[in-house]
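# Chain and residue survey
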Amino acid sequence: MSKNYPLVLAIDTSCDETAVAVTQGLMVKSNAVASQVQLHKQYGGVFPTVAKQAHIENLPATVKAAMSKAGAAWSDIELIAVTQGPGLAPALEVGLRFAQELAETHHKPLVGVNHIEGHLWSVVAQPWDRAGKTTPDLFTESEIEALKLPALGVIVSGKHTDFILVEAPGKYQRLGWTVDDAAGECLDKVGRMLGLGYPAGPILEEFSTLGDAHKFEFPLPMTTSGDFNLSYSGLKTSARNKIAEIEAAGKMDKQTIYDLAASLQAGVFRHICHKLSKVLVKYPEVGEVWLGGGVAANRALRSALRQTLSTHATTTKSRRLRLRTPYSKKLCGDNAAMIGVVAWWQPPQPSLALDRQPRLSL
Ligand code: KG4
Ligand code: ZN
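To start, this report covers the structure provided alongside it. (Residues numbered from 1 in each chain as written. Chains lettered and ligands numbered in written order. Predicted model: local features only at pLDDT ≥ 70, side-chain atom pairs only at ≥ 80, totals over all residues. Heavy atoms only, no water.)

## Here we look at the sheet that holds strand E3 (residues 27-35)
- The 6 strands lie next to each other as E5-E4-E1-E2-E3-E6, forming an open sheet whose pairing is mixed. Both edges of this open sheet fall to strand E5 (110-114) and strand E6 (126-127), since each of them pairs with a single strand only.
- As judged from the 6 bridges shared by strand E1 (residues 7-12) and strand E2 (residues 17-24), these two strands associate in the antiparallel manner. Its bridge partner lying in E2, Val-8 is registered against Thr-23. (Pairing = 2+ DSSP bridges. Helix = DSSP H or I, 4+ residues; strand = E, 2+ residues; numbered from the N terminus.)

## A look at the coordination of the zinc ion (ligand 2)
- Coordination of the zinc ion (ligand 2) by the protein comes from His-115 (NE2), His-119 (NE2) and Asp-334 (OD), over a distance range of 2.1 Å.
- One can describe the donor arrangement at the zinc ion (ligand 2) as irregular, given that its 4 donor atoms subtend angles of 90 to 141 degrees at the metal.
- If you list the donors of the zinc ion (ligand 2) from N- to C-terminus, the spacing comes out as H-x3-H-x214-D. One end of the pair is His-115 and the other is His-119, both in helix H4 (residues 115-121) and 4 residues apart, which spans about a single turn. Pair check on accessibility: His-115 and His-119 agree, each one buried. (Donors = N, O, S within 2.8 Å, 3.2 Å for Na, K, Ca; no water. Tetrahedral: all angles 85-135°; square planar, octahedral: opposite > 155°, others 65-115°. Buried < 20%, exposed > 50% of the residue type's maximum accessible area, 1.4 Å probe, protein only.)

## Focus on unusual backbone geometry
- The omega torsion of the bond from Gly-85 to Pro-86 falls at -10 degrees, within 30 degrees of zero and hence cis.
- Positive phi values are uncommon outside glycine, yet His-107 reaches one of about 55 degrees.
- Inspection of the secondary structure assignment puts His-107 in the loop between helix H3 (89-106) and E5.
- In this structure, Lys-317 takes a positive phi of about 50 degrees despite not being glycine.
- Locating Lys-317 in the fold gives a position in the loop between helix H11 (299-316) and strand E11 (322-324).
- For Lys-317, a relative accessible area of 76% corresponds to the exposed category.

## With respect to the side chain of Glu-288
- If you trace the backbone, Glu-288 turns up in strand E10 (residues 288-292).
- Since its relative accessible area comes to 2%, Glu-288 is described here as buried.
- A distance of 3.1 Å separates a polar side-chain atom of Glu-288 from the backbone nitrogen of Lys-148.
- Those residues in contact with Glu-288, other than ones at most four positions away along the chain, are Leu-147, Lys-148, Pro-150, Ala-151, Leu-152, Leu-321, Arg-322 and Arg-324. (Polar contact = N/O pair within 3.5 Å; in protein donor to acceptor, adjacent residues only side chain to side chain. Contact = heavy atoms within 4.5 Å.)

## Digging into the site of ligand 1
- Neighbouring ligand 1 are 19 residues; Gly-158, Lys-159, Asp-188, Glu-205 and Asn-298 lie closest to it.
- In this structure, an oxygen atom belonging to ligand 1 sits 2.7 Å away from a side-chain N or O atom of Lys-159.
- Note that an oxygen atom of ligand 1 is positioned 3.3 Å from one of the backbone N or O atoms of Gly-184.
- Looking at the shell around ligand 1, the elements that each hand over two or more residues are H4, helix H7 (183-193) and helix H8 (201-208).
- Partitioned by chemical class, the residues of the shell around ligand 1 number 5 nonpolar, 10 polar and 4 charged. (Near = heavy atom within 4 Å. Nonpolar A, V, L, I, M, F, W, Y, C, P; charged D, E, K, R; others polar.)

## Observations regarding the pattern of salt bridges
- Counting across every chain of the model gives 11 salt bridges.
- For the salt bridge of Arg-299 with Glu-205, the shortest nitrogen-to-oxygen distance reads 3.1 Å. Of this pair, Arg-299 sits in helix H11 while Glu-205 sits in helix H8; the two residues are 94 residues apart in sequence, bridging distant segments of the chain.
- Given a relative accessible area of 56%, Arg-299 falls into the exposed group.
- Taking the shortest distance from any N to any O, the salt bridge between Lys-275 and Asp-227 comes out at 3.6 Å. Here Asp-227 lies in the loop between H8 and helix H9 (233-248) and Lys-275 lies in helix H10 (residues 254-282), a separation of 48 residues in the sequence.
- In this structure Asp-227 comes out as partly exposed when scored by relative accessible area, which is 29%.
- What you see here is one network of salt bridges that share partners, running through Glu-93, Arg-97, Asp-355 and Arg-356. (Salt bridge = Lys/Arg side-chain N within 4 Å of Asp/Glu carboxyl O.)

## Some remarks on H7
- Those residues of H7 lying buried are Ala-183, Gly-184, Cys-186, Leu-187, Asp-188, Val-190 and Gly-191.
- Contacts made by the buried residues of H7 are with strand E7 (151-156), strand E8 (161-168), H8, H9 and H10.
- Immediately downstream of H7, the backbone of Gly-195 shows phi near 75 degrees, a positive value.

## Here we look at the packing of H8 against H10
- Running from N to C, H8 and H10 cross one another at 110 degrees; their axes reach a closest spacing of 8 Å. Considering the angle they form, H8 stands roughly perpendicular to H10. Contacts from Leu-204, Glu-205, Phe-207 and Ser-208 in H8 reach Ile-257, Tyr-258, Ala-261, Ala-262, Leu-264 and Gln-265 in H10.
- In terms of residue class, the contact of H8 with H10 is made up of 7 nonpolar, 2 polar and 1 charged. (Axes fitted to C-alpha atoms, helices over the stretch in contact; angles between N-to-C directions. Parallel < 35°, antiparallel > 145°, perpendicular 65-115°, else oblique.)

Taken by themselves, the reported measurements are silent on function.
Below, the structure is given as structure tokens:
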């Protein structure tokens, strides 16, 4: 049965990217991001009031850019979607108010979206070009049907490190999460100690290719906890102590930084892989694994996860599960395309009843 999917204008201002996209079903017609990274660099992290002001300034032009790239007029847009949470309260507030104004002015329905639900489904988003001449609604439905649900979502970002069982659109079970820092946060904090700037994740990835991952040993956390939770504060402390020791001995040179980057990155990813293999044993019904979030852009993480899936297949004498990743790096970090992609199954709400929810969970 075919279904018509609305043309969606989606907005995400949950953190430091002002993001607007136009999507239809699973297809991304445009994905505009006005990054504030340069603004926040001087603070070594995201400064909420600066983010708020930048969102206010960037939103009108970003909406224009997304609409024009998609070739869409206001009369074409059928639904407005906006991130309701989780995220920084002052930043979320700007996107929500702006979306409400747009919905009122142009008489469009408005839906609120969970940012994490967006990251989850970012792996099934499709570029508009790929659809070619395919009828959009049929294309969407066949894509959804091709998924081997339940899938296991692995969300690795600057704020989240989650294992989520995806049973159907809108039906989730959170199986594990970080009890302190997120994986990306750990990379960023240690990168800051090494003077690598913000965000340090991508720089650490580059440096890792030049370093020896076995040079420094990092602990594997929570091996006996019996749950699927993660913790990164121990790795961070271990890194801080190592850096202090090396600096005190006057031995911090370029190669040492590369070796620290490679060893830390390996330690951060080893923890995720270790817990992933435990989840897979407990949930044999998992049909595929989805990797989303800013850190999902990292090639070493992708290959470590694939290796884990191969090992799991061998030890359980089963088929190797597919690892789905977003089709572009722009869909890993914060973006609005992922918000649009999950918009069409959200319950419609009266526009003014929609409020920001900084701690929204799935
Ligand atoms: O999803 P995201 O843009 O924002 C959150 O919702 O948190 O993720 C940002 C995080 C930052 O910690 C950044 O350092 C990390 O993603 N990141 C990476 C890479 N690209 C971004 N970490 C490792 N390797 C990368 N290539
Ligand atoms: Zn995010």
